[in-house]
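Observations on the model geometry
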Amino acid sequence: MGLRWRDSVNERVVRGRRWIKRGVSRARTRTHLRLYALDAVLIATSYAAVLLLRFDGAVPNDYWKRFLAFLPFALLAHLASNTGWGLYRQMWRHASVQEARRVLLAGVTVVAIAAPLYFVLDARPVPVSVLVLGALVATALAGLHRFQGRLVGVRRRAATPAGLRVLVIGAGEAGAAIVREMQRKPAAGLNPVAVLDDDLRKQGLALLGVPIAGETSDLGEVVERDRIQRALLAIPTAGQELVRRVATAAEEAGVPLQVVPELGDLIAGRVSLRDVRDLRIEDLMGRQQAKTDLEAVRCLLAGRRVLITGGGGSIGAELARQVAECSPASLVLVDNDETHLHDATASLTGPVETALCDIRSASRLVRIFERHRPEVVFHAAALKHVPVLEDHACEAIETNVLGTDTVLKAAARVGVQRLVFISTDKAVRPTSVMGASKWLAEQLVLACASESTPHCAVRFGNVVGSRGSVIPTFSRQIAAGGPVTVTDPEMTRYFMSIEEAVQLVLQAAVFATGSGEVFMLEMGEPVNILALAQRMIMLSGFSVGEEIEIDIVGARPGEKLTEELRAPDERCEPTPHESIVRHEPRILSDSLLDETLEELTWAVARDDEATARKVVSLANGADAVLEPDLVIDLTVTERSKQWNPSSI
């Protein structure tokens, strides 16, 4: 009974669907028939009107008879041509240039069909002027009928603009695309009323009906005159100088500024309103993106087994993303934080594996290296926060120094061909435990370098948006209502984007020859941190000092007022890349390096912060900065002989 009931219901559903389809088909047929009938009336009217005009309204009876004989042929030719070009299968509410082209080609086809009657068969039922002009008028009326909805809609929008009054800066392809979309989508609430462009040839013209009202220097005047409520920078390739100038003018004029991102980030260069974003502080950092020889990087990594330590961190995750695009044979991410590992691999494609491991765990790390046998290693795992590490010197040394030593020994055990160590500008004449530990880690890497194993270190400054860096910190403080804390009004820092930093790291890896090299990335101009805080407050729509306060709290332990890009005793030479410089730093002797590691191993095992700071300070020659009264003998003592650190 139940089966028969279900079968009955299914039959009713099927019959219902068939009935609906037949109804839809009948409705579509009625629509087509009405359109055919209307076209037929327009065609007949067009030819009759042209014939009347041809004879000034007094058409001889003989021509009327010949016209009536010609009319069925004209109707058949037009309707057949319209059908062939698909004019009865379009949704004209959304018609575009493609549909307009179809209408025009349909009319041209009719003239082409009728031409043999006149020039081959020598049959002339109506004058040539009636044939040509009649076809043109019929085509024009057909197009007018089909595009009337679009034409009326455009006129209505032009007559009654609504929404925020927008000033578009840039009359190029991106600007035209944005203006077009705002005009087509009035529901978005944006009304383009003026365009600015520095190209003098465009002045006085209009972009899709929107006047080009001047140059970018006229922004303030145009904002006041046209009551602009929002400015949109639609120049995806704009340099930082132009961005800063426009941003400053927009701030002074009191209008928010949004930008179109780089076209390289967009599909086929097509931009839309959803691509527009608020101006970000990195747009104003004052450096141009460096170009990278991606083919050379791809040749280095394609088909190779690659391992990245610290793969869940800001730099490591971006390294993983860019390495994955170079088609490695395998990619392994090592990190001691499972959440960061998960996040880093979520968007990666291809052969990617994760290894949950702390680089301080020698036995575990060796097993990972032996299982995956990497050929190229990027060592990005480190502790990096300067003030925190000042209070935890042993932790900094155990990860940054002894952890690096563990990575190098594991790499040597499986025959890693190339290793790149991610260092920092704080390793240049360090004043902090963090900087000193990174400098000593550089020494360990360079000690393992040779022509057969070209290991190298790469230094760079702050990266925009990395975890714990100044920009996210300022953003959180602004969101909380302030105050924004700045250590010193004179403090400056170098900044670059994570993407660019990683690109240059990969490029530097190509240049390594194994001769004990440290590569320094060209960081542009230093940024004043106080000015950065003021700019971020203003970009967030607040006034400095009134709505958001800035507190000067004084430099923290270990911080420099200005970072250095190289030490005075480091010899520099250019590389094939204009944004990468090769440094030849001072190299510790093997004996001194071994003794330093022995002392640090003992200090870390005993959690002896004072000794750890003294040893790492003396090793890198920074004793006058870190420990002015430091006097220590690095000779291996009896206590270190008693301590037998595990070896790989």
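Conventions we followed
- Residues numbered from 1 in each chain as written.
- Predicted model: local features only at pLDDT ≥ 70, side-chain atom pairs only at ≥ 80, totals over all residues.
- Heavy atoms only, no water.
- Core = buried A, V, L, I, M, F, W, Y, C linked by side-chain atoms within 4.5 Å.
- Buried < 20%, exposed > 50% of the residue type's maximum accessible area, 1.4 Å probe, protein only.
- Helix = DSSP H or I, 4+ residues; strand = E, 2+ residues; numbered from the N terminus.
- Contact = heavy atoms within 4.5 Å.
- Patch = residues over 30% accessible without salt bridge, like charges linked within 9 Å, V, L, I, M, F, W, Y side chains within 5 Å.
- Areas by Shrake-Rupley, 256 points an atom, 1.4 Å probe, with all protein chains shown as cover.
- Salt bridge = Lys/Arg side-chain N within 4 Å of Asp/Glu carboxyl O.
- Pairing = 2+ DSSP bridges.
- Axes fitted to C-alpha atoms, helices over the stretch in contact; angles between N-to-C directions.
- Right-handed = clockwise from strand over helix to strand, strands pointing away.
- pLDDT = per-residue confidence, 0-100.

With respect to the nonpolar core
The biggest cluster of nonpolar side chains holds 43 residues, and the ones touching the most others in it are Val334, Phe369, Ile397, Val401, Leu419, Leu440 and Leu600. Contributing elements (two or more residues each) for this core: β9 (330-335), α11 (362-372), α13 (393-414), β12 (418-422), α14 (433-447), α18 (590-605) and α19 (609-619). Ignoring anything within four residues of it in the chain, the contact list for Phe369 reads Leu307, Pro374, Val377, Val407, Ala410, Ala411, Val414 and Val416. Ile308, Ala324, Phe460 and Met520 belong to the second-largest nonpolar core, a separate cluster that totals 42 residues.

Some thoughts on a nonpolar patch on the surface
Together, Val128, Val132, Leu133 and Leu136 make up an exposed nonpolar region whose accessible area comes to about 300 Å². Examined against the element boundaries, Leu136 turns out to sit in helix α4 (residues 128-159).

Comments concerning the environment of Leu301
Within the secondary structure, Leu301 sits in helix α8 (residues 294-301). For the pair formed by Leu301 and Ala324, sequence separation is 23 residues and the distance between their alpha carbons is 9.1 Å.

Side note on the sheet that holds strand β22 (residues 580-584)
As a general point, the strands of a sheet are linked pairwise by backbone hydrogen bonds and lie either parallel or antiparallel. Taken in spatial order, the 9 strands line up as β10-β9-β8-β11-β12-β13-β18-β22-β21 in an open sheet, and their pairing is mixed. Of all strands in the sheet, those with a lone pairing partner are β10 (352-356) and β21 (571-574), marking the two edges. Neighbour to neighbour, the strand axes of the sheet diverge by 20° on average, direction disregarded. Pairing of strand β11 (residues 376-379) with β12, which is carried by 4 bridges, proceeds in the parallel orientation. Counterpart to His379 in the pairing with β12 is Phe421.

Focus: the pairing of β9
A regular strand carries its side chains on alternate faces of the sheet. Summarising burial for β9: 6 of the 6 residues are buried, a large majority. Both faces of β9 are covered, namely the face carrying Ser330, Val332 and Val334 and the face carrying Leu331, Leu333 and Asp335. Each parallel crossover has a hand, and the one from strand β8 (residues 305-309) via helix α9 (residues 314-324) to β9 is right-handed. Regarding the hand of the β-α-β motif, the stretch spanning β9, helix α10 (residues 338-346) and β10 is right-handed.

What to know about the confidence of the model for the protein chain
Of all residues in the protein chain, 80% attain a pLDDT of 70 or more, and the chain-wide mean is 79. Note that residues 153-160 has pLDDT below 50 and, in this model, 2 contacts with residues that lie over four places away or in other chains. Segment residues 622-648: pLDDT under 50, and 53 contacts once partners within four positions in sequence are set aside and those in other chains are kept.

A look at the side chain of Thr601
Within the secondary structure, Thr601 sits in helix α18. The buried category is assigned to Thr601, whose relative accessible area is 17%.

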